[in-house]
Amino acid sequence: MKTSIRLIIKDDHIKRDGTAPLYLQVFLDGKMIRFPLDLSWSAAHFDKKAGRLKPRQKVDTLLNDHSLIIQGKQAELTEIFTHYRLSKKDLSIDVLKKEYYNWRNRQNFYDFYEREMNDRRKRKKIEQPTYVCHKASLNKLKRFKLVCTFQDLTPKLLENFRAHMKNTLGNGPATIEKTLKDIRTYVHLAERDGVTLDNPFKVIKVKHIETIPEVLTLDQVQQLLDLYDQADLSPTWYCVLQHFLFNCFTGLRISDIQRVRAEHIIDGGLVFNPHKTRNSKTKTVSIPLHAIALRFVSKNAGRLFDTYTDQYVRRVLHKIAEHLEWTIKVGTHTARHTFGTNFIELGGDVVTLKEYMGHGKIQTTMQYVHLSDRRKREQISVFDHFNK
């Protein structure tokens, strides 16, 4: 690949003030392209032979400013040439033009992260809740380091960021590793997109933190049923409890509860394709509806439930838990975990549960067996009464 870069002035378009626009003229394997610099200079003070600006007066501060901008643009072009040469990739004039106008954004990790994240949401590669999580991780890193190029992404930076999340922000292990996992996603996407960088995640390993999901006991579910039946219950709490309790008896994901429709109820059962696995070959899920689950179905057409955003539902559930003086943290996914665990504890078998929950692997369903076993071990503590 033969390349050359030269500063030129288009003095055939001299303005009234005697200046003319400046360009970088680039030759790539014998083909020429000119990049406008959005700068102008006195045509009488330009050295065409050397391709450089000449001072207009003894002390010319604008000359220094213009020279720095020009050198920066020349450096960007040189970086592009070097990147393609080292990557052994073909570089054409059209590709060079595209790279030149996007190079600065590609070199800034935050710009790449945000652009890629927005593009993935637009193409429905990620759902809104995932988008919100990824954006929160980006903003957390931005607050830690205001500007971050790909060259700044070093193992030391991530080690310091991990310590910052633990010691300054007070984040727990699961939150810390989830944040790093989100950042790692976009580092890998940048690599796939051809960005040359020393991947810090070859050194910094994201740890898998085993978390035990919160699950409601049968007594707690009964408390929610009693609350739901109160005549003076606020419309907001009623709306949230309606679909949350339905989930406690069906195990639907929140993404499905937002989409399931009356026409999905066939012969007393709920038949639908899970939204989360819509792009895979996962089979249709069929869940028989118990009479108690049908209590919460009030529509015979359209979407079964009116819902709020995930974030708002979580806030309402937290308020309900506080009202009931619970110490556990209730979220939108708690109902699904409650269904799976209580199904096993009440005598259901794991193979049937796998079908109801739409799991691809039995190992995923087994977590509810383990949760049930854990709760049984905890309940043996009732005999602590005799130690008093």
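For the structure itself, consult the block above.
The text that follows walks through the structure, step by step, so that each part is easy to find. Predicted, not measured: the structure shown is a model, and the values here were computed from it.

**Overview of the overall build of the protein chain**
When helices and strands are counted, the protein chain shows 14 helices and 8 strands. Projected onto its principal axes, the C-alpha positions of the protein chain cover 95 × 55 × 45 Å. Buried positions account for 41% of the 388 residues belonging to the protein chain. Residue pairs in contact within the protein chain that sit at least 24 positions apart in sequence constitute 58% of those at least 6 positions apart. Put simply, the protein chain shows about 22600 Å² of open surface, and 52% of that area lies on carbon and sulfur atoms. In the protein chain, the 65 positive side-chain charges and the 44 negative ones have mean positions that sit 6 Å from each other.

**Thoughts on the packing of aromatic side chains**
Counted by the stated rule, this structure contains 13 aromatic pairs. Between Phe 112 and Phe 150, the aromatic rings sit 5.8 Å apart at their centres with planes inclined by 65°, giving edge-to-face as the arrangement. You can see Phe 112 sitting in helix α3 (residues 109-122) and its partner Phe 150 sitting in the loop between α4 (128-144) and α5 (155-167), a full 38 residues away along the chain. Of the residues examined, Phe 112 reaches a relative accessible area of 1% and is grouped as buried. You can call Phe 150 buried: its relative accessible area is 2%. Summarising the aromatic geometry, the rings of Tyr 228 and Tyr 238 are spaced 4.7 Å apart at their centres and angled 15° between planes, so their arrangement reads as stacked.

**Thoughts on unusual backbone geometry**
The phi dihedral of Asp 29 is positive, around 50°, even though this residue is not glycine. Take Asp 29: it is sitting in the loop between β2 (19-28) and β3 (31-42). Of note, Glu 325 is a non-glycine position whose phi angle comes to about 60°, a positive value. Counting through the fold element by element, Glu 325 comes out in the loop between α11 (310-323) and α12 (334-345).

**Let's talk about the sheet that holds strand β7 (residues 269-272)**
Strand order in the open sheet made by the 3 strands is β6-β7-β8, with antiparallel pairing throughout. Unpaired on one side and paired on the other, β6 (265-266) and β8 (285-288) mark the two borders of the sheet. Judged from the 2 bridges that link them, β6 and β7 form a sheet pairing that is antiparallel. From the neighbouring strand, Ile 265 faces β7, where its bridge partner is Leu 270.

Rules and cut-offs
- Per-chain numbering applies: the sequence of each chain, read as written, is numbered from 1 onward.
- With the structure being a predicted model, the display of local features is reserved for residues of pLDDT at least 70 and the display and counting of side-chain atom pairs for 80 or more, all residues being used for whole-chain, interface and lining totals.
- To get the side-chain values, take all heavy atoms of the structure and skip hydrogens and water.
- Secondary structure counts use DSSP, requiring at least four H or I residues in a row for a helix and at least two E residues in a row for a strand, with both numbered from the N terminus.
- A 1.4 Å probe rolled over the protein chains alone gives each residue an accessible area, and that area as a share of the maximum for its type sets the label: buried under 20%, exposed over 50%, partly exposed in between.
- For this analysis, residues touch if any pair of their heavy atoms sits within 4.5 Å.
- Working definition of accessibility: Shrake-Rupley area with a 1.4 Å probe, residue cover restricted to the visible protein chains.
- Neither His nor the chain ends contribute to the count of charged residues, in which Lys and Arg are positive and Asp and Glu negative.
- A charge is said to be at NZ when it belongs to Lys, at CZ for Arg, at CG for Asp and at CD for Glu.
- By convention, a stacked pair of Phe, Tyr or Trp rings (six-membered ring in the case of Trp) has centres within 6.5 Å and planes under 30 degrees apart, an edge-to-face pair has planes over 60 apart, and any other such pair is tilted.
- Paired strands, as defined in this entry, are two strands with at least two bridges between them according to DSSP.

Without other data, these values stay purely geometric and don't point to any function.
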